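Commentary on secondary and tertiary structure
So you can see what is in the structure, the chains are spelled out below.
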Amino acid sequence: TSYLYHYMYAYWQPMLTAWVQSGQTQMARRSFMESHPQGFVSGYASTHPVEDMVETFTALILRPTPQDNSLSAQKIQFFYQYPEMVQLRAHIRASL
């Protein structure tokens, strides 16, 4: 099973219906993001589940390990359960 499957099951399943019903317009997506202010590492992350994972992975690489328990922090922490992701993070950060 893929990382994306586990990520979506953990973080998007509870809000997927609300996301789909919010509509495809920029205003609708902004409203969805604003209704979940601690749920995303960036505004763009709220536009699609895949973009959320990509933006969260970027935050994993570029930001310090989060110390709070917000949903966006939990999403970053998701990657720490996979040793290969922790190694990849260390490798990339060493090259920055």
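This write-up is about the structure you can find in this document. (Residues numbered from 1 in each chain as written. Predicted model: local features only at pLDDT ≥ 70, side-chain atom pairs only at ≥ 80, totals over all residues. Heavy atoms only, no water.)

Turning to the packing of aromatic side chains, a few remarks are in order. For the structure on display, the rule yields eleven aromatic pairs. Here the aromatic rings of phenylalanine 78 and phenylalanine 79 are separated by 5.2 Å at their centres, their planes lie at 80°, and the arrangement is edge-to-face. Centre to centre, the rings of phenylalanine 78 and tyrosine 82 are 5.5 Å apart; their planes meet at 65°, and the pair counts as edge-to-face. Accessibility assignment for this pair places phenylalanine 78 and tyrosine 82 in one class, buried. Among the aromatic residues, those joined into a ring-pair cluster are Tyr3, Tyr7, Tyr11, Phe57, Phe78, Phe79 and Tyr82. (Phe/Tyr/Trp six-rings, centres within 6.5 Å; stacked < 30°, edge-to-face > 60°. Buried < 20%, exposed > 50% of the residue type's maximum accessible area, 1.4 Å probe, protein only.)

Judged by nonpolar contacts, the single largest core of 18 residues is most densely connected at Tyr7, Trp12, Phe32, Phe40, Phe78 and Phe79. Listing elements by their share of this core, those giving two or more residues are helix H1 (3–12), helix H4 (49–62) and helix H5 (71–78). (Core = buried A, V, L, I, M, F, W, Y, C linked by side-chain atoms within 4.5 Å. Helix = DSSP H or I, 4+ residues; strand = E, 2+ residues; numbered from the N terminus.)

All right, on to helix H3 (residues 26–34) then. Listed as buried for H3 are Ala28, Arg29 and Phe32. One side of H3 holds all its buried residues, which, seen down the axis, span an arc of 95°. Residues of H3 that are exposed and point over 90 degrees away from its buried face: Gln26, Met27 and Glu34. Its buried side turned inward, H3 meets H1 and helix H2 (16–21). (Arc of directions from axis to C-beta. Contact = heavy atoms within 4.5 Å.)

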